[in-house]
Amino acid sequence: MKSIKIKLDKLENIHTFVKIVEKFPFDIDLKSGRYVIDAKSLLGVCSLDTSQEIIMEIHSEQYDKLLQELNDYIIK
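Treat the numbers as computed from the prediction; the structure is a model and nothing was measured.

Glancing now at the nonpolar core. Core analysis: the biggest nonpolar cluster contains 25 residues, and Ile6, Leu8, Phe17, Leu30, Met56 and Leu66 have the highest contact counts within it. Secondary structure elements with two or more residues in this core: strand 1 (2-6), helix 1 (11-22), strand 2 (28-32), strand 4 (54-58) and helix 3 (64-69). Beyond its immediate stretch of four places on either side in the chain, Phe17 contacts Ile6, Leu8, Leu30, Ala39, Met56, Leu70 and Tyr73.

Below you can see the structure in the form of structure tokens.
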């Protein structure tokens, strides 16, 4: 499992983010505060408090391509 901090500050970014993660066959979760949601759920991601830190947890070791596609959302 790999954990990465991400930033989703606009509604259009959330929509694009979900479209990207939906393409991958493994589980991806987002954690914000005490909430954990499926990153492939548009409604779930929209319900997160984006003012807080969001942690993306990737449940696979084959995440290199995913990280390339999500580069704009990763906090470095």
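Per the counting criterion, the structure on display carries four salt bridges. For Lys5, the salt bridge identified is with Glu53, shortest N-O distance 3.3 Å. Taken together, the residues span a long stretch of sequence, with Lys5 in strand 1 and Glu53 in the loop between helix 2 (42-46) and strand 4 at a distance of 48 residues. Given a relative accessible area of 46%, Glu53 falls into the partly exposed group. The closest approach of N and O atoms between Glu69 and Lys23, which form a salt bridge, is 2.7 Å. Of the two residues, Glu69 sits in helix 3 while Lys23 sits in the loop between helix 1 and strand 2, which places them 46 residues apart along the sequence. A relative accessible area of 26% places Glu69 in the partly exposed class. Look at the salt bridges and you will find they share partners, linking Lys23, Lys65 and Glu69 into a network.

Moving on to helix 1. At 3.6 residues per turn, the α-helix brings residues three or four places apart onto the same side. If you check helix 1, its first and last C-alpha atoms are 17 Å apart, about what twelve residues at 1.5 Å a residue would give, namely 16 Å. Taken residue by residue, helix 1 has Asn13, Ile14, Phe17, Val18, Ile20 and Val21 as its buried positions. Taken around the axis of helix 1, the buried residues stretch over an arc of 160°, which confines them to a single face. Facing away from the buried side of helix 1 by over 90 degrees, the exposed positions are Leu11, Glu12 and Lys19. In this structure, the buried side of helix 1 is in contact with strand 1, strand 2, helix 2, strand 4 and helix 3.

One open sheet holds the four strands; their spatial order is 1-4-2-3, and the pairing between them is antiparallel. The open sheet has two edge strands, strand 1 and strand 3 (35-38), and neither has a second partner. With strand direction ignored, the average angle separating the axes of adjacent strands in the sheet is 25°. By the bridge criterion, four bridges tie strand 2 to strand 3 in an arrangement that is antiparallel. Each bridged residue has a counterpart across the sheet, and for Ser32 the counterpart in strand 3 is Tyr35.

The rules behind the values
Residues numbered from 1 in each chain as written. Predicted model: local features only at pLDDT ≥ 70, side-chain atom pairs only at ≥ 80, totals over all residues. Heavy atoms only, no water. Core = buried A, V, L, I, M, F, W, Y, C linked by side-chain atoms within 4.5 Å. Buried < 20%, exposed > 50% of the residue type's maximum accessible area, 1.4 Å probe, protein only. Helix = DSSP H or I, 4+ residues; strand = E, 2+ residues; numbered from the N terminus. Contact = heavy atoms within 4.5 Å. Salt bridge = Lys/Arg side-chain N within 4 Å of Asp/Glu carboxyl O. Expected span 1.5 Å × (residues − 1). Arc of directions from axis to C-beta. Pairing = 2+ DSSP bridges. Axes fitted to C-alpha atoms, helices over the stretch in contact; angles between N-to-C directions.

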